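# Tertiary structure, described
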Amino acid sequence: MPNDTVLKNLNTALQMELTAAHQYQLHAHVLDDWGLDKLAAKMREEFEEETGHSNRFLERIFDLGGEPEMAFANTPKVSKSLTDMFQSDLDDEKDAVKFYTQASKQAYEADDLASKALFEEIAIEEVGHANWLDQQLGLIDRIGEERYASKYISGDEEEE
């Protein structure tokens, strides 16, 4: 019989990943609207990765005979600036790492090594996201949001 705590954590993780995926989807559309098509493409990549994470949690829930709870952990929100966007995402990634680390420990205590490994693998990927976001915030702080944004606009690129 699967551990109730592990299943609860898997469902929480599923909801967190669904929220993250759709937050990145929303970011992509906002960035397209702002003319930052290259950064929008990066957000679409993040959307795909977070969707992959949600699929992995769904698979594990079904493997354990559980029932997935398809819902958002939070409502995705429109950002007003790149700094706000990146800071909000960084806060979410840090929360995810903290939660997945704790969930991994609880899965280990329940002798569920497959769930433990899943939580750890995704936590490590989220650390990578957090590091990238932190780096972008540092760049914005050093060179300003306008200069930062300018590298993410395609514009009319002509052959030379």
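Please read these numbers as outputs of a predicted model, since none were measured by experiment.

Definitions and limits used
- Residues numbered from 1 in each chain as written.
- Predicted model: local features only at pLDDT ≥ 70, side-chain atom pairs only at ≥ 80, totals over all residues.
- Heavy atoms only, no water.
- Helix = DSSP H or I, 4+ residues; strand = E, 2+ residues; numbered from the N terminus.
- Polar contact = N/O pair within 3.5 Å; in protein donor to acceptor, adjacent residues only side chain to side chain.
- Contact = heavy atoms within 4.5 Å.
- UniProt positions renumbered as here; feature names shortened; annotations may be inferred.
- Expected span 1.5 Å × (residues − 1).
- Buried < 20%, exposed > 50% of the residue type's maximum accessible area, 1.4 Å probe, protein only.
- Phe/Tyr/Trp six-rings, centres within 6.5 Å; stacked < 30°, edge-to-face > 60°.
- Salt bridge = Lys/Arg side-chain N within 4 Å of Asp/Glu carboxyl O.

## Focus: the side chain of E93
The topology assignment puts E93 in helix α3 (residues 82–109). Among the polar contacts made by the side chain of E93, one reaches the side chain of H129 at a distance of 3.2 Å. What E93 contacts, discounting residues up to four positions off in sequence, is Y24, E50, E126, H129, A130 and L133.

## As for the UniProt feature "binding site: Fe cation 1" (unreviewed entry) in the protein chain
The UniProt record annotates "binding site: Fe cation 1" (unreviewed entry) at E17, E50, H53 and E126. Across 110 residues in sequence, these annotated residues keep their C-alpha atoms within 10.6 Å of one another, forming a single compact spot. Residue position: E50 is located in helix α2 (residues 37–63). Apart from the residues within four sequence positions on either side, E50 is in contact with E17, A20, A21, Y24, E93, E126 and H129. Structurally, the position occupied by E126 is in helix α4 (residues 113–143). Setting aside chain neighbours within four positions, we find E126 in contact with E17, E50, H53, E93, A96, V97 and Y100.

## With respect to α3
Here α3 spans 41 Å end to end across 28 residues, near enough to the 40 Å set by a 1.5 Å rise per residue. Where α3 is concerned, the buried positions are L82, M85, F86, D89, L90, E93, A96, V97, Y100, A103, S104 and A107. Contacts from the buried residues of α3 go to α1 (4–33), α2, α4 and α5 (145–150).

## So, unusual backbone geometry
The backbone phi angle of D111 is positive, close to 60°, even though this residue is not glycine. Locating D111 in the fold gives a position in the loop between α3 and α4. On the accessibility criterion, D111 (70% relative accessible area) is exposed.

## Observations regarding the packing of aromatic side chains
As enumerated under the stated definition, the model contains seven aromatic pairs in all. Residues Y148 and Y152 carry aromatic rings whose centres are separated by 5.2 Å and whose planes lie at 45° to one another, so their mutual orientation is tilted. Classification of Y148 by relative accessible area gives buried; the value is 0%. By relative accessible area, which is 13% here, Y152 ends up buried.

## Quick word on the pattern of salt bridges
Within this structure, the stated rule accounts for six salt bridges. The salt bridge involving R56 is made with E121; its shortest N-O contact spans 2.3 Å. One end of the pair, R56, is in helix α2; the other, E121, is in helix α4, and 65 residues separate them in sequence. Judged by relative accessible area, which is 28%, R56 ranks as partly exposed. Sharing partners across several salt bridges, the network here consists of R60, D63 and D112.

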